[in-house]
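This is what each chain is made of:
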Amino acid sequence: MTLMLHVNASEVDYPALRALVTPAPTQTHVPIPHFRLVDLLRTTLGMYGHQITDEHHGVTEDGMRYFGLLSLRSTYTGYEDTVALRNSHDRSFPVGIGFGSRVFVCDNLAFIADTVIKRKHTANLKRDIPGVIGELIEPLALQREAQARTFDRYKGTELTDEQADHAILGMYREGIINVTRIAEVVKEWDTPTFDDFSERNAWRLFNAATFCLAGRVVENPNTTSRLHQIIDGVCETVH
């Protein structure tokens, strides 16, 4: 599992995360320490029987913004459950938690929209967030089963180059990829980096896109929700 970080951000370990100073609260903004968000998630995951197998944390140079990934043991082969976290002390974005999957072979991330929560930094955040996390985690098993069925459908849907090109253009029109990434996705579709995606199907196209979007998915898990809509639409057209 890897954590894709951009300019002015670097990976840190948990002790360094815990040592960061959290700004004092104001009447309209009550920041939660980055490490506290991690602790709350760890505790709630454990209560529901999920085992964390790996974790990565990253912060900006000033410590104001946090991004994290926790890897969970999955009951399905070929990918593992993943939790993406983000938190800010500078009001740049609310607390965000997203559940999805990581495909082992290409180390990409895929998130379903209804498994993402966002909460503003209010006085009630610390009180409410354990319950909110619990409500999200409880149905995780059913969501994983649904995602496994989705991936099986992608693997069973063969695509022509014309259908793939049409879908990639749809990704651009929906703002999933920008104009510079069109060529990257096309290249990954034409000549996959990994031999596991040799079959010309919707699974190959899905992974071509998520492979090129790994960093953006960590920052905005909703990106893959829209990607699923594109791939699902292609599958429906083919069948």
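Heads up: the structure comes first, above all this text.
If you're wondering where the values come from, they're calculated on a predicted model, not measured in any experiment.

Trainee: What am I meant to see in the overall build of the protein chain here?
Mentor: Within the protein chain one finds nine helices and six strands. By the burial criterion, 49% of the 239 residues in the protein chain qualify as buried. Considering only residue pairs separated by 6 or more positions, the protein chain has 63% of its internal contacts joining residues 24 or more positions apart. When the accessible surface of the protein chain is totalled, it reaches about 11600 Å², and 51% of it is carbon and sulfur.

Trainee: Explanation requested: the packing of aromatic side chains in the structure shown.
Mentor: The geometry of two aromatic rings is summed up by the distance between their centres and the angle between their planes. By the definition in use, this model includes eight aromatic pairs. Centroid distance Phe 67 to Phe 93: 5.7 Å. Interplanar angle 45°. Geometry classified as tilted. Residue Phe 67 is found in strand 3 (residues 65–72), and its partner Phe 93 is found in the loop between strand 4 (79–88) and strand 5 (95–103); the two are separated by 26 residues along the sequence. Of the two residues, Phe 67 and Phe 93, both sit in the buried class.

Trainee: Looking at this model, I keep getting lost on helix 2 (residues 34–47). Mind explaining?
Mentor: Residues spaced three or four apart along an α-helix point in a common direction, a consequence of the helix completing one turn every 3.6 residues. When the terminal C-alpha atoms of helix 2 are compared, their 21 Å separation across 14 residues agrees well with the 20 Å that a helix rising 1.5 Å per residue should span. His 34, Phe 35, Leu 37, Val 38, Asp 39, Leu 40, Leu 41, Thr 44 and Leu 45 are the residues of helix 2 that are buried. Gly 49 sits one or two residues past helix 2 and shows a positive phi near 80°.

Trainee: Help me out: how do you make sense of the packing of helix 2 against helix 3 (residues 125–137) in this one?
Mentor: Each packed pair of helices is defined by two parameters, the angle between the axes and the distance between the axes. Where helix 2 meets helix 3, the axes come as close as 10 Å, and the angle between the chain directions of the two elements is 45°. The angle between helix 2 and helix 3 places the two elements in the oblique class. The chirality of how helix 2 crosses helix 3 is right-handed. The segment helix 2 lies against helix 3, with Leu 37, Leu 40, Leu 41, Thr 44 and Leu 45 engaging Ile 129, Pro 130, Ile 133, Gly 134 and Ile 137. In the contact of helix 2 with helix 3, the residues fall into eight nonpolar, two polar and no charged.

Trainee: I'm lost on the nonpolar core in this one. Help?
Mentor: Tyr 154, Met 171, Leu 205 and Ile 231 are the most contacted members of the largest nonpolar core, which has 25 residues in total. Counting residues in each nonpolar core, the second largest holds 24 residues, with Tyr 14, Ile 97, Leu 136 and Leu 140 among its members.

Trainee: Whenever I open this one, the pattern of salt bridges confuses me. Can you help?
Mentor: Side chains bearing opposite charge may pair, as long as their charged atoms lie close to each other. Tallied over the entire structure, the rule returns eight salt bridges. For Arg 153, the salt bridge identified is with Asp 232, shortest N-O distance 2.9 Å. Here the residue Arg 153 occupies a position in helix 4 (residues 140–155), and Asp 232 occupies one in helix 9 (residues 222–238), the gap between them amounting to 79 residues. Asp 232 gets classed as partly exposed once you look at its relative accessible area, which sits at 22%. Between Glu 184 and Arg 181 there is a salt bridge, with the nearest N and O atoms lying 3.5 Å from each other. Linking Glu 184 with Arg 181, this pair stays in helix 6 (residues 179–190), spanning three residues, or about one helical turn. Look at Arg 181 and you get partly exposed, because its relative accessible area is 24%. Put simply, Arg 18, Arg 36, Asp 39, Arg 42 and Glu 55 are held in one network by salt bridges that share partners.

Trainee: Looking at this model, I keep getting lost on unusual backbone geometry. Mind explaining?
Mentor: With the exception of glycine, the majority of residues adopt a negative phi angle, and the majority of peptide bonds are in the trans configuration. Positive phi values are uncommon outside glycine, yet Arg 91 reaches one of about 70°. Assignment of secondary structure puts Arg 91 in the loop between strand 4 and strand 5.

Trainee: Could you clarify how one ought to interpret the environment of His 89 in this entry?
Mentor: With respect to the helices, strands and loops of the structure, His 89 is situated in the loop between strand 4 and strand 5. Note on His 89: relative accessible area 6%, which makes it buried. Sequence separation between His 89 and Met 64 is 25 residues, and the spatial gap between their C-alpha atoms is 4.8 Å. Those residues in contact with His 89 that lie beyond four places of it in its chain are Val 21, Thr 22, Pro 23, His 29, Pro 31, Ile 32, Pro 33, His 34, Gly 63 and Met 64.

Rules behind the numbers
- Residues numbered from 1 in each chain as written.
- Predicted model: local features only at pLDDT ≥ 70, side-chain atom pairs only at ≥ 80, totals over all residues.
- Heavy atoms only, no water.
- Helix = DSSP H or I, 4+ residues; strand = E, 2+ residues; numbered from the N terminus.
- Buried < 20%, exposed > 50% of the residue type's maximum accessible area, 1.4 Å probe, protein only.
- Contact = heavy atoms within 4.5 Å.
- Areas by Shrake-Rupley, 256 points an atom, 1.4 Å probe, with all protein chains shown as cover.
- Phe/Tyr/Trp six-rings, centres within 6.5 Å; stacked < 30°, edge-to-face > 60°.
- Expected span 1.5 Å × (residues − 1).
- Axes fitted to C-alpha atoms, helices over the stretch in contact; angles between N-to-C directions.
- Parallel < 35°, antiparallel > 145°, perpendicular 65-115°, else oblique.
- Left-handed = near helix turned anticlockwise from the far one by under 90°.
- Nonpolar A, V, L, I, M, F, W, Y, C, P; charged D, E, K, R; others polar.
- Core = buried A, V, L, I, M, F, W, Y, C linked by side-chain atoms within 4.5 Å.
- Salt bridge = Lys/Arg side-chain N within 4 Å of Asp/Glu carboxyl O.

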